[in-house]
Amino acid sequence: MIKRIGKVLLVVFLAAVVVYAGLAIYAYSYLGGIPTAGAKYPESRIRQIIWPTIGYPALTSPGGNIVVEMDVSGVSGKLSDSFRWRGTVSASRKELKGLSYELSFVRAWKGASKRWTLCKHRKISPEVINVEFQVPSVACELYDLEVEAIAGKAKIRDDEPHCVGVVPKLDDSFRFMTLADVHVHERGISALLQSQTDAGVSPEGEPLYFYDAMDQVNLVRPEFAVILGDCIFAQRRAGEMLSEFERFYEALSRLEVPVFILPGNHDLYVNRVDGERLWEENIGPLCYSFDQCSCHFTAFDTYDWPERERVVMRKAGNVFVYARKWQGQVRGARDERKPETYTGELAWLREDLRKSVSAKLRIVFLHHCPYTPSGKGISYKNERFAGVFTLGGNGTGARALRELFSRYRVHVVMSGHLHEDNYGCVEWKDGTGKTIYANQTCVYFDHGGVQNHYPGYRLVEVKDGKIGELSYLTKGSSYPFYDGSKPGGMTDNDALEKPATEARRIETSGGTLVWKVKNFLGKPVTLDGLIALVQVGGRDVMGAEVTKETPLPDGNMVLVNLRVKLKAGKHSTSKGGTEPYVTTVVLRSRP
């Protein structure tokens, strides 16, 4: 009897081993990868103007200069020093359609690109043309750029939308906002082990939740915004990457402030088309840096996997759909403890941080955080499924990133990917300071229902090169986009409806504009996004202060920028229980 039981148990064990082995082979194999043969890419939106771009804009102030990089290697006609260059900026805001300014040509010269020092797919000429223009005293707005050059029969003309941000002044005191995991997606993508709500997506597939988020960004109107990756989803249906990317790109036209964008894993998947190529041909470089006066910012790609590991897989029909790797990885470190051994992207990051080590403030933007939560750096490690299968990554480079940030005294590392807030600090190598690691929540509604996170953002104020508070009400928490969010607790995302900040124009008559402005946040907030186009003449303003008045070229109209300082509302963590701070803004024109 005992022998018989033993044989049965042995057979069961061997059968389990065989089943597990079969499932493991199937799960870890390349079977089921979405095919990419014959994939068709849209025409590249980045053509001759390779900087600035919609996702890597130029920041300047009235009277300041910008240096445009032009790659004209594919243009017919012999280049000559006699090219006559012409630049024009046109207001991106639809209300200001037709408002444009001529730029003053300063000089042009040839040289290597300073903006595209790393390229994986896009071919950049070894010698680009740098064209310097001076911006006149224009309205502080976001602009489209057009550049034209003529020399004999040779002619170059190109344009790039939403790529020049004119701010009142470039100094070490400013504000910026960060958004993570936007995930523009189609409806009906929820599946087994992959729950996704349709909340905020219209029946036609429009990302209404993203529109609402951008409306609040426009209302706050910081000097710039940053999107920390995962702009799309692209992990359910074959070919959806391209359609979702097109919706995301089109949605960016609602933003009225410059936005710096870096990729996340979902953006760089291979789903019929290769996301890396799509990104470089339409958004900009995967890695880059920029400065705001004495403050240095670095945007860095942390999804550095070979193409075959980025392919979206379909298993058991469409029951299980996932990318082979979705966690972070940065290759190029022979010894992660020794930066001198780094190559590739890591070597680029090392040099970027080394050259900027004297900056007052150093901030790095990533998608995958190498530290949080609590030093575990889980965004670079495999996830376990069904208690036995490990998928997702085990990528290298997390230790190397922490080494660089500590050695070169990075003040803040801001990231997404986890869809939730995490916060931690690590001392610098020399003991003179620390790096703050601030991971943040997502923009979209994720799974819906009750979650430990909510749609949100970070609002960061920099004063004289020193960073202010990164949190909302609790340590490390993000600012909510909606009233009823519960920092540090559980939020019913299906009940979120009211915008956390809003300004509604309630009356326009007889030269008088009236806004009702509300703040549902539990913290004071300053809004710089109330902007009015009024007739030339005197005016009275109540409830706000005028920060800038810009006469328009027609001589009849003036663009007025208003600032509203709102006190904190009585924060509510349940639907319907908020007492917002409410004020009225009135702008009355006088003949």
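Above this text sits the structure in question.
Residues numbered from 1 in each chain as written. Predicted model: local features only at pLDDT ≥ 70, side-chain atom pairs only at ≥ 80, totals over all residues. Heavy atoms only, no water.

Draft legend 1. Examining the overall build of the protein chain more closely. Summing up its helical and strand segments, the protein chain has six helices and 35 strands in all. Since a compact globule built from 591 residues should have a radius of gyration of about 25 Å, the 26 Å found for the protein chain is in line with a globular shape. Split into buried and exposed, the 591 residues of the protein chain put 56% on the buried side. Sequence separation of at least 24 residues holds for 71% of the intrachain contacts in the protein chain that already meet a minimum separation of 6. When the accessible surface of the protein chain is split by element, carbon and sulfur atoms take 52% of a total near 24800 Å². Taking the 76 positively charged and 69 negatively charged side chains of the protein chain as two groups, their mean positions are separated by 4 Å. (Helix = DSSP H or I, 4+ residues; strand = E, 2+ residues; numbered from the N terminus. Rg over C-alpha atoms; globule rule 2.2 N^0.38 Å. Buried < 20%, exposed > 50% of the residue type's maximum accessible area, 1.4 Å probe, protein only. Contact = heavy atoms within 4.5 Å. Areas by Shrake-Rupley, 256 points an atom, 1.4 Å probe, with all protein chains shown as cover. Lys, Arg positive; Asp, Glu negative; His and termini not counted. Charge placed at Lys NZ, Arg CZ, Asp CG, Glu CD.)

Draft legend 2. Structural context of the pattern of salt bridges. What the rule picks out here adds up to 39 salt bridges. Salt-bridge contacts for D198 lead to R187; the nearest nitrogen and oxygen are separated by 3.9 Å. Highlighted residues: D198 in the loop between β9 (174-179) and α2 (208-220) and R187 in the loop between β9 and α2, separated in sequence by 11 residues. Taking the relative accessible area as the measure of exposure, R187 reaches 34% and is therefore partly exposed. The residue R458 makes a salt bridge to D421 at a minimum N-O spacing of 3.9 Å. Of this pair, R458 sits in strand β25 (residues 456-463) while D421 sits in the loop between β21 (412-415) and β22 (422-427), placing them 37 residues apart in sequence. Using a relative accessible area of 0% as the deciding quantity, one classes R458 as buried. Through salt bridges with shared partners, a single ionic network connects K120, D274, E276, D301, D304, R310, R331 and E345. (Salt bridge = Lys/Arg side-chain N within 4 Å of Asp/Glu carboxyl O.)

Draft legend 3. Highlighting the sheet that holds strand β2 (residues 58-60). Spatially, the eight strands line up as an open sheet ordered β1-β3-β6-β5-β4-β7-β8-β2, and their pairing is mixed. Of all the strands in the sheet, the pair left with one neighbour each is β1 (49-51) and β2. When the angles between neighbouring strand axes are averaged without regard to direction, this sheet yields 40 degrees. One ladder, built from nine bridges, connects strand β7 (residues 142-151) with strand β8 (residues 154-166); its direction is antiparallel. Among the inter-strand pairings, A149 is bridged to a residue of β8, identified as I156. (Pairing = 2+ DSSP bridges. Axes fitted to C-alpha atoms, helices over the stretch in contact; angles between N-to-C directions.)

Draft legend 4. Representation of the packing of aromatic side chains. Counted by the stated rule, this structure contains 28 aromatic pairs. Measuring from centroid to centroid gives 5.2 Å for F176 and F224, while their planes differ by 5 degrees, and the two rings are stacked. Residue F176 is found in strand β9, and its partner F224 is found in strand β10 (residues 224-227); the two are separated by 48 residues along the sequence. Across the pair, F224 and F176 agree in class, each one buried. Aromatic pair Y457 and F481: ring centres 4.8 Å apart, planes at 40 degrees, arrangement tilted. Pair noted here: Y457 is in strand β25 and F481 is in the loop between β27 (479-480) and β28 (491-492), with a separation of 24 residues, a long-range link. For F481, a relative accessible area of 1% corresponds to the buried category. Each residue in the set F174, F176, F224, F260, F290, F297 and F365 is aromatic and connected to the rest through ring pairs, giving one cluster. In this structure, R45 is placed above the aromatic ring of Y249, and the distance from its NZ or CZ to the ring centre is 3.9 Å. If you follow R107 out to its NZ or CZ, it ends over the ring of W109, 4.0 Å from the centre. (Phe/Tyr/Trp six-rings, centres within 6.5 Å; stacked < 30°, edge-to-face > 60°. Lys NZ or Arg CZ within 6 Å of the ring centre and 35° of its normal.)

Draft legend 5. How the structure looks around the packing of helix α3 (residues 240-251) against helix α4 (residues 275-282). As a packed pair, α3 and α4 sit with axes 12 Å apart at the nearest point and diverge in direction by 25 degrees. The pairing of α3 with α4 is recorded here as roughly parallel in orientation. Here α3 and α4 pass one another in a crossing that is right-handed. Residues M241, L242, F245 and Y249 of α3 form the contact with α4, whose participating residues are G275, L278 and N282. Residue composition of the contact of α3 with α4, grouped by class: five nonpolar, two polar and no charged. (Parallel < 35°, antiparallel > 145°, perpendicular 65-115°, else oblique. Left-handed = near helix turned anticlockwise from the far one by under 90°. Nonpolar A, V, L, I, M, F, W, Y, C, P; charged D, E, K, R; others polar.)

Draft legend 6. Structural context of the side chain of E141. Take E141: it is sitting in the loop between β6 (128-134) and β7. At 3.1 Å, the side chain of E141 forms a polar contact with the side chain of R93. Leave out the neighbours within four places in its chain, and E141 touches R93, L96, V164, G165, V166, R221, I531 and L559. (Polar contact = N/O pair within 3.5 Å; in protein donor to acceptor, adjacent residues only side chain to side chain.)

Draft legend 7. Highlighting a nonpolar patch on the surface. Residues L192, L193, V319 and F320 make up a contiguous nonpolar surface patch of roughly 390 Å² in combined accessible area. By the element assignment, L192 lies in the loop between β9 and α2. (Patch = residues over 30% accessible without salt bridge, like charges linked within 9 Å, V, L, I, M, F, W, Y side chains within 5 Å.)

Draft legend 8. Geometry of the sheet that holds strand β32 (residues 538-542). If you trace the four strands from one edge of the open sheet to the other, you get β29-β30-β35-β32, paired in antiparallel fashion. The open sheet terminates on both sides in strands that have one partner only, identified here as β29 (501-509) and β32. Averaged over all neighbouring strand pairs, the angle between strand axes comes to 15 degrees, with direction disregarded.

Draft legend 9. Representation of unusual backbone geometry. Between W51 and the following residue, P52, the backbone shows a cis peptide bond with an omega angle of 5 degrees. Inspection of the secondary structure assignment puts P52 in the loop between β1 and β2. In this chain, T372 is followed by P373 through a cis amide linkage whose omega measures -5 degrees. Mapped onto the secondary structure, P373 falls in the loop between β18 (361-365) and β19 (383-385). One non-glycine residue with positive phi stands out, namely C293, at about 55 degrees. Within the element layout of this structure, C293 appears in the loop between β14 (288-292) and β15 (295-299). According to the relative accessible area criterion, C293 is partly exposed, its value standing at 46%. Here D446, not a glycine, exhibits a phi torsion of approximately 55 degrees, which is positive. Mapped onto the elements of the fold, D446 is located in the loop between β23 (434-439) and β24 (450-451).

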